[in-house]
There are 2 protein chains.
Amino acid sequence: MYQSSMLGKPARDWTRLEQSYRGRMERGNAISGHKIVPHQDAVALMEAVIEPGDRVCIEGNNQKHADFLAAELARCSPERIHGLHIVQSNIALPTHLDVFENGLAEKLDFCYSGPQGVRISRLVKDGQVKVGAIHTYLELYSRYFCDLTPHVSFIAADAADRDGNLYTGVNTEDTPAIVEATAFKSGILIAQVNRIVDRVPRVDVPGDWVSYVIESPKPYYIEPIFTRDPAVITEIQILMAMMVIRGIYEKYGVTRLNHGIGFDTAAIELILPTYAADLGLKGKICRYMSVNPCPTLIPAIESGFIDGIHCAGSEVGMSDYVAARSDVFFIGRDGSMRSNRVFCQLAGHYADLFIGSTLQIDLEGNSSTATHNRITGFGGAPNFGSESRGRRHASPSWLLAGQEASRDPYRMPRGRKLVVQLVQTFSDPTSPTFVERLDAWTLKDSFGLPLPPVMVYGDDLTHIVTEEGIANLLLCDDLAEREQAIRAVAGYTPVGLGRDRAVVTRLRAKGAVVYPEDIGVDKRLATRDLLAARSIKDLVRWSGGLYDPPARFRNW
Amino acid sequence: MYQSSMLGKPARDWTRLEQSYRGRMERGNAISGHKIVPHQDAVALMEAVIEPGDRVCIEGNNQKHADFLAAELARCSPERIHGLHIVQSNIALPTHLDVFENGLAEKLDFCYSGPQGVRISRLVKDGQVKVGAIHTYLELYSRYFCDLTPHVSFIAADAADRDGNLYTGVNTEDTPAIVEATAFKSGILIAQVNRIVDRVPRVDVPGDWVSYVIESPKPYYIEPIFTRDPAVITEIQILMAMMVIRGIYEKYGVTRLNHGIGFDTAAIELILPTYAADLGLKGKICRYMSVNPCPTLIPAIESGFIDGIHCAGSEVGMSDYVAARSDVFFIGRDGSMRSNRVFCQLAGHYADLFIGSTLQIDLEGNSSTATHNRITGFGGAPNFGSESRGRRHASPSWLLAGQEASRDPYRMPRGRKLVVQLVQTFSDPTSPTFVERLDAWTLKDSFGLPLPPVMVYGDDLTHIVTEEGIANLLLCDDLAEREQAIRAVAGYTPVGLGRDRAVVTRLRAKGAVVYPEDIGVDKRLATRDLLAARSIKDLVRWSGGLYDPPARFRNW
């Protein structure tokens, strides 16, 4: 009987997307007649190739932005274009939300919003933005190859030749993931480039993957978000960095890791050539990193501490320095860096350690940067800061962490990734970092989210480091011990004051709570003298003049 | 005091790799004088560009192999080339191990060995192969961007033009990951191609990333490992497939998933257009898949069950069919499929469900295909079959599975990926699938591995489906209940006979153990009549003649 379902199978056309693509291209070619389109025709091109209800990706990274195309899209007619579903990692520019306010787009799937967090929240409450989900980077890219493939994508590159071959240069970030998903599922790919040249320095995106190229009136917008001025690093941050180096990097022998971005991790980077070197740890820790080229890494690189760094993107002012350090960074034949967020995120996910900061940590160790009335998202932190269950290769740090976690009821031995939160007990005098209940719960209710937006889950977290000491959650037998270990390092916050001194003493005896003196960290050494560089100018000097900091960081 | 460490910083050259690359290229160019090198000069080229101790990757995928270059490397002089560290996903060809036996290579980091498993094991015992680690695919690619970047890589492509632009065609697999890591860290990239043409159909790898191209005397070796003949699917497999559809796909509303390769999952694919369609599940389950284009998917695709499929590679005989289904598959402007294992693995990892088979399952639910005296590895299964801790977007199936798992001591709600093992209680009359102790433990001891090689860990596994029924491990309160749920579906194996009937009755009452009748699965329907296609010939008919099966599968 069922055989009939084969004979009587529905006659269906399986090339609808392809036909739609050809129709869009015909309409687009009628505007320009060439792959290179004048920027004055951007709106006309978009109204010709975009169809109502399309999934659209406007490349918006941590740094590099297709800002011209984003602004032009916002200028399109909502009669011609409406009901768009925006699928992009970062909502960072006002124009990204103008697209919603102007009635062009309705639905949003994204990863991170940053400065636009408050405005998104308002638009969601007003019903002008329907949020599908807040993703991590790898997760959103994955859906580009599953159920969220873009119909039209706008990307940004440094240069293009007349065949549409693109040079993304040092700031690749999301480009390869967006391009591949769009170009190979009958999607329209429009690139905004800073300049059109006869020959690109190297081909990062083959021209036959690109539909149209527009030379932007001005270079794409880029933000130096990974630059931290050593001048404002505090002695408390230096003390915490010393504890991380002795209590975690040295103890576990951490050679492959990812550093979150902040002054706390910058402090670690800046005492590698001094404190860590004096401990004889050069060549024993921090050899391979997955991180953008943060200027505060320069002294450690110059001191020969770091063998290799793979980057998701670049950082303003670091291009010349990075290009001159091809043993450390990934560099193309043209002499400029190749970055790629997919591989950087993967390298970090499968590395031995992630260390970052957060705004709030609860009694289970769940942490979140989500605060009342702001939808921000977490970008890459949840991938870096989660246990890599698909990992099968061993390393000393992974095995030791796994042994410490072995009170897990399962008898099958397994390694563990080290996931560390590096925080001060108060983020400001009125805001304790340690709380009984994360603001994420309120956010869940106010925005009708299916779950509280947690950045790093407690069961993925292995250590918390504060100015008080280190809580090693791997050595806690149950949630009650875990809670007391967390209280033990929570200082004078209400959570900290609620500690049970007897339990904490027992936890300290077995190493689940560690104070500086327990690991030979001399608090008197925790001064700015320990910083290999104490100013941006010092970093420039370390770089032999190759680092060219943005004007706002120059005070000389 | 520390400032001095800056002034007195070690003068070091940071372009050693780059200089090494230039030296290698000079020696290589002396052989050929051109990017296109005659195949007769392959050995001379290799002896010129490879240096002792290099990390070398010979592209060896599930299917596509740089077999000519592998054979030529094995012919090189061990006086010129020795101490190589081979870093590649698949050890599948005898020549891959000849490289070790001939004294060229010493160390091996890989993912999967398959047919060479026994020989590797012998070489390891003889000390001729030192295994660094056995990885999963994504994990090894990640290390290409961390501590295992290749100095020299050999890849395979369908065609190249005279500038070295490569066309990988439908079988991309590992190529993008290998190429990017090698080309951008001063590595030498040598491509073997089936033909050199004036213009490639599309550019998959830009020519300026490629060092040398060699036209191989014969097309690269490729293996049809994803083809399963419906003729040998049994009624037991059909019954299990019915249980999966009702008890898991329908219950959780699974729309995004990955199918392992085997007759068990082929049976599911072949009853989607019949059994699942009659249940009204079309459009409600199995809409997006991350899997190679298995011929047994054809009836489901033709019936409009599957909206999208992203592939790691292709399958012999499927090219024309896939090309004609551009709404479903990822297709390039040239009309041929684009595959990419990195994105396929990622899409599967972040999907809602993985279902596959294994050889052994223990009482905690740990499973492994590792058996005595064979080192095989697991390829992609551990990434597909592990909880995606970095995932933050919700879906109905993910939320429901998370709710069922909520007896987890942690109070923070969280979703769960469905990870299903689909096995018969005996893999053959003398080999029970369910065991008290995995052979992996013996393997650990005999090869001195740091941990037993487990494919899917028990704490990542959510369901086990056998011909007896379904064990839902999410609903088990503790390891004792989990053990009894597993015994309950283990049939007449010693493990199954050891069940506690009282406990099993209680587990069945709460849905942790499910028998066919509990979910309305009528065993009498479990006949081959339910298969939408019962032979390779049926698949060809479903495909409208577009599927062109390899000769060995043709019996007409």
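Because the structure is predicted, anything quoted here is derived from the model rather than measured. (Residues numbered from 1 in each chain as written. Chains lettered and ligands numbered in written order. Predicted model: local features only at pLDDT ≥ 70, side-chain atom pairs only at ≥ 80, totals over all residues. Heavy atoms only, no water.)

A look at the interface of chain A and chain B
1) Next: Contact with chain A, which involves 117 residues of that partner, is made by 116 residues of chain B.
2) Next: At the junction of chain A with chain B, the criterion picks out 16 salt bridges.
3) Next: Across the chain A-chain B interface, the total number found is 57 residue pairs in polar contact (both at pLDDT 80 or more).
4) Next: No other element matches helix α7 (residues 137-144) of chain A, which puts five residues into the side of chain A that touches chain B.
5) Next: Considered class by class, the residues forming the side of chain A that touches chain B number 54 nonpolar, 26 polar and 37 charged. (Contact = heavy atoms within 4.5 Å. Salt bridge = Lys/Arg side-chain N within 4 Å of Asp/Glu carboxyl O. Polar contact = N/O pair within 3.5 Å; in protein donor to acceptor, adjacent residues only side chain to side chain. Helix = DSSP H or I, 4+ residues; strand = E, 2+ residues; numbered from the N terminus. Nonpolar A, V, L, I, M, F, W, Y, C, P; charged D, E, K, R; others polar.)

Comments concerning the sheet that holds strand β12 (residues 308-310) of chain B
1) Next: Pairing is mixed across the open sheet formed by eight strands, whose spatial order is β12-β11-β10-β13-β16-β19-β20-β21 (chain B). Of all strands in the sheet, those with a lone pairing partner are β12 and β21 (513-514) of chain B, marking the two edges. (Pairing = 2+ DSSP bridges.)

Re the environment of B:Ala276
Residue and element names in this part refer to chain B.
1) Next: As for its position among the elements, Ala-276 is in helix α10 (residues 263-278).
2) Next: Taking relative accessible area as the criterion, Ala-276 reaches 0% and is therefore assigned buried.
3) Next: Separated by 34 residues in the primary sequence, Ala-276 and Met-242 place their C-alpha atoms 8.2 Å from one another.
4) Next: In this view, Ala-276 contacts Ile-245, Ile-271, Leu-281, Lys-282, Ile-285 and Phe-305; residues no more than four positions away in its chain are not counted. (Buried < 20%, exposed > 50% of the residue type's maximum accessible area, 1.4 Å probe, protein only.)

Observations regarding the pairing of strand β16 (residues 418-422) of chain B
All names here are of chain B.
1) Next: Most of β16 sits out of view: five of its five residues are buried.
2) Next: In β16, alternate side chains face the same way, and those of Leu-418, Val-420 and Leu-422 on one face and Val-419 and Gln-421 on the other are all buried.
3) Next: As judged from the four bridges shared by strand β13 (residues 353-356) and β16, these two strands associate in the parallel manner. Bridge assignment links Leu-353 to a residue of β16, and that residue is Leu-418.
4) Next: Summarising the sheet, β16 and strand β19 (residues 463-465) pair through three bridges and their orientation is parallel. Residue pairing in the sheet places Gln-421 in a bridge with Ile-464 of β19.

A few points about α10(B)
Residues and elements named next belong to chain B.
1) Next: Here α10 spans 22 Å end to end across 16 residues, near enough to the 22 Å set by a 1.5 Å rise per residue.
2) Next: At Leu-272, α10 is bent by approximately 65°, the largest bend along its length, and proline Pro-273 sits one to four residues beyond.
3) Next: Where burial is concerned, most of α10 is hidden: 13 out of the 16 residues are buried.
4) Next: A positive backbone phi angle near 70° is found at Gly-280, which sits one or two residues after α10. (Expected span 1.5 Å × (residues − 1). Bend = angle between axes of the 7 residues up to and from the residue.)

Considerations on the sheet that holds strand β11 (residues 288-290) of chain A
Residues and elements named next belong to chain A.
1) Next: Spatially, the eight strands line up as an open sheet ordered β12-β11-β10-β13-β16-β19-β20-β21, and their pairing is mixed. Because the sheet does not close on itself, it has two edges, and the strands there are β12 (308-310) and β21 (513-514).
2) Next: Judged from the three bridges that link them, strand β10 (residues 256-259) and strand β13 (residues 353-356) form a sheet pairing that is parallel. Bridged to Leu-257 within β13 is Leu-353.

Here's the deal with the pattern of salt bridges
1) Next: Tallied over the entire structure, the rule returns 90 salt bridges over all chains.
2) Next: The closest approach of N and O atoms between B:Glu364 and A:Arg411, which form a salt bridge, is 3.4 Å. In this pair, B:Glu364 sits in the loop between β14 (360-361) and β15 (367-368) while A:Arg411 sits in the loop between α15 (396-404) and β16 (418-422), so the two residues belong to two different chains.
3) Next: By relative accessible area, which is 3% here, B:Glu364 ends up buried.

Structural notes on the domain arrangement of chain A
Residues and elements named next belong to chain A.
1) Next: According to the domain assignment, chain A consists of domain 1 (19-222), domain 2 (224-240 + 255-351 + 522-541) and domain 3 (353-465 + 470-514).
2) Next: Once you take the C-alpha centre of each, domain 1 and domain 3 turn out to be 37 Å apart.
3) Next: Contact residues are listed per partner, giving 18 residues for domain 1 and twelve residues for domain 3.
4) Next: Across the domain 1/domain 3 interface, buried area totals approximately 1,200 Å², and carbon plus sulfur atoms make up 62% of it.
5) Next: When residues of domain 1 are sorted by the area they lose upon contact with domain 3, Lys-125, Ile-134 and Thr-136 head the list and together hold 35% of the total.
6) Next: Summed over the shared surface of domain 1 and domain 3, the result is zero salt bridges.
7) Next: There are four residue pairs in polar contact (both at pLDDT 80 or more) connecting domain 1 and domain 3.
8) Next: Residue contributions to the side of domain 1 that touches domain 3 peak at six residues, all from helix α6 (residues 117-125).
9) Next: Split into classes, the residues belonging to the side of domain 1 that touches domain 3 amount to ten nonpolar, six polar and two charged. (Domains from an automatic or database assignment. Buried area = accessible area lost by both parts, 1.4 Å probe.)

Notes on the packing of helix α13 (residues 341-349) of chain A against helix α13 (residues 341-349) of chain B
1) Next: Orientation of α13(A) relative to α13(B), taken along the N-to-C sense of each, is 60°, at an axis distance of 12 Å. Taken together, α13(A) and α13(B) sit at an angle that is classed as oblique. As for how α13(A) packs across α13(B), the hand of that crossing is left-handed. Each of A:Val342, A:Phe343 and A:Leu346 in α13(A) lies in contact with α13(B), whose residues at this interface are B:Val342, B:Phe343 and B:Leu346.
2) Next: Among the residues making up the contact of α13(A) with α13(B), the classes are represented as six nonpolar, no polar and no charged. (Axes fitted to C-alpha atoms, helices over the stretch in contact; angles between N-to-C directions. Parallel < 35°, antiparallel > 145°, perpendicular 65-115°, else oblique. Left-handed = near helix turned anticlockwise from the far one by under 90°.)

Let's talk about the packing of aromatic side chains
1) Next: This structure, assessed with the given rule, holds twelve aromatic pairs over all chains.
2) Next: Geometrically, the ring pair formed by A:Phe145 and B:Phe343 is stacked, given 4.2 Å between the ring centres and 20° between the ring planes. A residue pair is termed interchain when its members come from two chains, as with A:Phe145 in the loop between α7 and β6 (152-160) and B:Phe343 in helix α13.
3) Next: Here B:Phe343 falls in the buried class, since its relative accessible area comes to 5%.
4) Next: Linked through ring pairs, A:Tyr137, A:Tyr141 and A:Tyr144 together constitute an aromatic cluster.
5) Next: The lysine or arginine in question, B:Arg341, covers the ring of B:Tyr137, its NZ or CZ lying 4.5 Å from the ring centre. (Phe/Tyr/Trp six-rings, centres within 6.5 Å; stacked < 30°, edge-to-face > 60°. Lys NZ or Arg CZ within 6 Å of the ring centre and 35° of its normal.)

Description of the side chain of B:Thr358
All names here are of chain B.
1) Next: Mapped onto the secondary structure, Thr-358 falls in the loop between β13 and β14.
2) Next: For Thr-358, a relative accessible area of 9% gives the class buried.
3) Next: A polar atom in the side chain of Thr-358 sits 3.1 Å from the backbone oxygen of Ser-368.
4) Next: Filtering out sequence-adjacent residues up to four positions away, Thr-358 remains in contact with Ser-367, Ser-368, Thr-369, Gln-421, Val-423, Thr-433 and Met-455.

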